[in-house]
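Observations on the model geometry
Below are the chains, spelled out letter by letter.
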Amino acid sequence: MNPPPKDWNEALDGLLVDREDWLSAARAALEHAHSPYSDIRVGAALVDRSGQIFSGCNVENASYGLTICAERNAIGRAVMEGARDLVAIAIISSLEAPLLPCGACRQVLMEFAPDLIVLCEGADGSTLVHSLRDLLPQAFEPGDLGG
Ligand code: THU
């Protein structure tokens, strides 16, 4: 087994999508955010092994707890379109610093893409790149259901 790259940015070089197209899809999704309560807009764009992009935005609700994050809307869209081989996600928010995915989204992403690479970009242009496994160590996964 190859050792994981020290810098996950390197792993993004092999994506079959133009990096700017990918980030633009996340930015375009952010523009659709429905976030009158937090005023934080988030856009997420998943990319699969063939270079297809699936985006989503956060959708808040007057019953606050029913809010759905951008990442979970993106994964719902990918699954609905039949995409399973997801390799990376870009998450862009209106906050200055990069927004890392919440715990619930980490778990939902883990179900479909345990080896996902996660790129987060803040409004200040700074980026963080992690692997999902680093963000959710010792995750509960489908195989842990036993049987
Ligand atoms: N949010 C996301 O869309 N993704 C995350 O991973 C964290 C938080 C949204 C939910 C809510 O609309 C707003 O950011 C503030 O929590």
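Everything in this summary refers to the structure shown in the same document.

1. Some remarks on helix H4 (residues 103-112)
Considered for burial, the residues of H4 that qualify are Cys105, Arg106, Leu109 and Met110. The buried residues of H4 all sit within an arc of 140° when viewed along its axis, so they share a single face. Against strand E1 (42-48), helix H3 (70-80), strand E3 (86-93) and helix H5 (132-135) lie the buried residues of H4.

2. Remarks on the site of the ligand
Around the ligand, the structure places Ser38, Val42, Asn58, Glu60, Thr67, Cys69, Ala70, Glu71, Leu99, Leu100, Pro101 and Cys102. A distance of 2.5 Å separates an oxygen atom of the ligand from a polar side-chain atom of Glu60. The side chain of Glu71 places a nitrogen or oxygen atom 2.6 Å from an oxygen atom of the ligand. Notes on the ligand: free accessible area 370 Å², of which the protein chains cover 81%. Here the shell around the ligand is composed, by residue class, of seven nonpolar, three polar and two charged.

3. A short note on the side chain of Asp48
Looking at where Asp48 falls in the secondary structure, it is placed in strand E1. We note that Asp48 is buried and unpaired, the nearest opposite charge coming from Arg49 at a distance of 8.2 Å. Within the structure, the side chain of Asp48 is placed 2.9 Å from the side chain of Ser50, a separation counted as a polar contact. Discounting chain neighbours no more than four positions away, the residues touching Asp48 are Phe54, Ala83, Asp85, Leu86 and Val87.

4. Let's talk about the sheet that holds strand E2 (residues 53-57)
Backbone-to-backbone hydrogen bonds pair the strands of a sheet. The strands run either parallel or antiparallel. Across the sheet, which stays open at both edges, the five strands sit in the order E2-E1-E3-E4-E5 with mixed pairing between neighbours. Looking at which strands have only one partner, the edges of the open sheet turn out to be E2 and strand E5 (127-131). With strand direction ignored, the average angle separating the axes of adjacent strands in the sheet is 15°. Of the strand pairs in this sheet, E1 and E2 are connected by five bridges, and their pairing is antiparallel. Looking at the pairing, Val47 lines up with Ile53 of E2. Here H3 sits on the sheet and contacts E1, E2 and E3; the angle it forms with E2, its principal contact strand, is near 140°.

5. Comments concerning helix H2 (residues 19-30)
Between its first and last C-alpha atoms H2 spans 17 Å; for 12 residues at 1.5 Å apiece the expected length is 16 Å, and the two agree. Where the residues of H2 are buried, they touch E1, E2, E3 and strand E4 (117-121).

6. A look at the layout of surface pockets
In this structure, the largest pocket occupies an estimated 450 Å³ of space. In this structure, the largest pocket is lined by 22 residues; those nearest its centre are Trp8, Arg49, Val87, Asp115 and Ile117. Those elements that place two or more of their residues in the lining of the largest pocket are helix H1 (8-11), E3 and H5. Across the lining of the largest pocket, the residue classes tally to 13 nonpolar, two polar and seven charged.

7. Some thoughts on the packing of aromatic side chains
Taken as a whole, this structure holds one aromatic pair when the rule is applied. Their ring planes at 40° and their centres at 5.4 Å tell us that Tyr37 and Tyr64 sit as a pair that is tilted. Of this pair, Tyr37 sits in the loop between H2 and E1 while Tyr64 sits in the loop between E2 and H3; the two residues are 27 residues apart in sequence, bridging distant segments of the chain. On the basis of relative accessibility, which here comes to 42%, the residue Tyr37 falls in the partly exposed class.

About the criteria used
- Residues numbered from 1 in each chain as written.
- Predicted model: local features only at pLDDT ≥ 70, side-chain atom pairs only at ≥ 80, totals over all residues.
- Heavy atoms only, no water.
- Buried < 20%, exposed > 50% of the residue type's maximum accessible area, 1.4 Å probe, protein only.
- Helix = DSSP H or I, 4+ residues; strand = E, 2+ residues; numbered from the N terminus.
- Arc of directions from axis to C-beta.
- Contact = heavy atoms within 4.5 Å.
- Near = heavy atom within 4 Å.
- Polar contact = N/O pair within 3.5 Å; in protein donor to acceptor, adjacent residues only side chain to side chain.
- Areas by Shrake-Rupley, 256 points an atom, 1.4 Å probe, with all protein chains shown as cover.
- Nonpolar A, V, L, I, M, F, W, Y, C, P; charged D, E, K, R; others polar.
- Lys, Arg positive; Asp, Glu negative; His and termini not counted.
- Salt bridge = Lys/Arg side-chain N within 4 Å of Asp/Glu carboxyl O.
- Pairing = 2+ DSSP bridges.
- Axes fitted to C-alpha atoms, helices over the stretch in contact; angles between N-to-C directions.
- Expected span 1.5 Å × (residues − 1).
- 1 Å grid on protein atoms, 1.4 Å probe; cavity = no way out; pocket = protein on both sides within 12 Å on 5 of 7 lines; lining within 4 Å.
- Points joined across faces, edges and corners; volume = space filled by probe spheres on them.
- Phe/Tyr/Trp six-rings, centres within 6.5 Å; stacked < 30°, edge-to-face > 60°.

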